[in-house]
Amino acid sequence: HWQLDPDERCGLISPTAHVRLRSLSRRMAHTMTLKNEDLLGRLLQLAQDLYAETAELSETESELQLWYNRGYADGMTRQISELGYAKQVAEVLGSVAETISEEQQFLPWGKAYRHGFEVGERETIEVLGEKNG
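Please read all numbers here as calculations on a predicted model, not as lab measurements.

Asker: Explain the packing of helix H3 (residues 64-93) against helix H4 (residues 108-128) to me, please; I cannot follow it from the model alone.
Answerer: Taken N-terminus to C-terminus, the directions of H3 and H4 make an angle of 40°; their axes are 6 Å apart at the nearest point. As the angle between them shows, H3 and H4 are arranged oblique. Crossing of H3 against H4: the hand is right-handed. Of the residues belonging to the contact of H3 with H4, the class tally is 16 nonpolar, 7 polar and 5 charged.

As structure tokens, then:
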């Protein structure tokens, strides 16, 4: 059962948390010898997988992990675009907009989404690091 951690900013407590995402992020961070294009391709594939996994979201507390994953994907794609790769994001993912409305941000799934978004942005910066061009 998911619970919001009152001591963290929108943190989720879960037995599995976001192990898959953290594992992929760590592996990618350790492969900085790859060209940014290779890393970019891997990040975009991860985002594509997360969008497919979260395609049928409903506004319920039973799907907090999926909301976190969708937020992570949205945070990644926004940061990738801001780092100068907007063209590549559009080519692979098409038009991407944030999934959650402002009114939903304080609901349990909105908090899970926002936390995922922030982590996705931060870890994308850690992996890609610098602006393109």
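Asker: Looking at this structure, how should I read the nonpolar core?
Answerer: Generally speaking, a soluble globular protein has its nonpolar side chains buried in company with each other. Ranked by size, the top nonpolar core spans 20 residues in total, and within it Tyr72, Ile80 and Leu128 carry the most contacts. Of all elements in the fold, only helix H2 (36-53), H3 and H4 reach the threshold of two or more residues within this core. For this core, the element with the highest residue contribution is H3, accounting for 9 residues. Within the second largest apolar cluster, 7 residues are counted, among which are Leu64, Ile100, Trp109 and Tyr113.

Asker: I tried to follow the confidence of the model for the protein on my own but got confused; where do I start?
Answerer: For the protein, per-residue confidence averages 77 on the pLDDT scale, and residues scoring 70 or more make up 70% of the total. Across the protein, the element-wise mean pLDDT spans from 42 in strand S2 (residues 12-13) up to 92 in H3. Every residue in residues 1-18 is under pLDDT 50, and counting partners more than four places away or in other chains gives 27 contacts.

Asker: What is the right way to read the packing of aromatic side chains from this model?
Answerer: Aromatic ring pairs are described here by two measures, namely the spacing of the ring centres and the angle between the planes. Summed over all chains, the structure comprises 2 aromatic pairs. Summarising the aromatic geometry, the rings of Tyr113 and Phe117 are spaced 6.1 Å apart at their centres and angled 35° between planes, so their arrangement reads as tilted. Of this pair, Tyr113 and Phe117 both sit in helix H4, 4 residues apart, which is roughly one turn of the helix. Note on accessibility: Tyr113 and Phe117 belong to one class, buried. Its guanidinium or amino end placed over the ring of Phe117, Arg114 lies 4.8 Å from that ring's centre, counting from NZ or CZ.

Asker: Explain the side chain of Gln104 here, please?
Answerer: Within the secondary structure, Gln104 sits in the loop between H3 and H4. Looking at Gln104, the relative accessible area reads 12%, which means it is buried. Residues contacting Gln104, with those up to four places away along its chain left out, are Glu59, Trp109 and Gly110.

Here is what the cut-offs are and how they apply
Residues numbered from 1 in each chain as written. Predicted model: local features only at pLDDT ≥ 70, side-chain atom pairs only at ≥ 80, totals over all residues. Heavy atoms only, no water. Axes fitted to C-alpha atoms, helices over the stretch in contact; angles between N-to-C directions. Helix = DSSP H or I, 4+ residues; strand = E, 2+ residues; numbered from the N terminus. Parallel < 35°, antiparallel > 145°, perpendicular 65-115°, else oblique. Left-handed = near helix turned anticlockwise from the far one by under 90°. Nonpolar A, V, L, I, M, F, W, Y, C, P; charged D, E, K, R; others polar. Core = buried A, V, L, I, M, F, W, Y, C linked by side-chain atoms within 4.5 Å. Buried < 20%, exposed > 50% of the residue type's maximum accessible area, 1.4 Å probe, protein only. pLDDT = per-residue confidence, 0-100. Contact = heavy atoms within 4.5 Å. Phe/Tyr/Trp six-rings, centres within 6.5 Å; stacked < 30°, edge-to-face > 60°. Lys NZ or Arg CZ within 6 Å of the ring centre and 35° of its normal.

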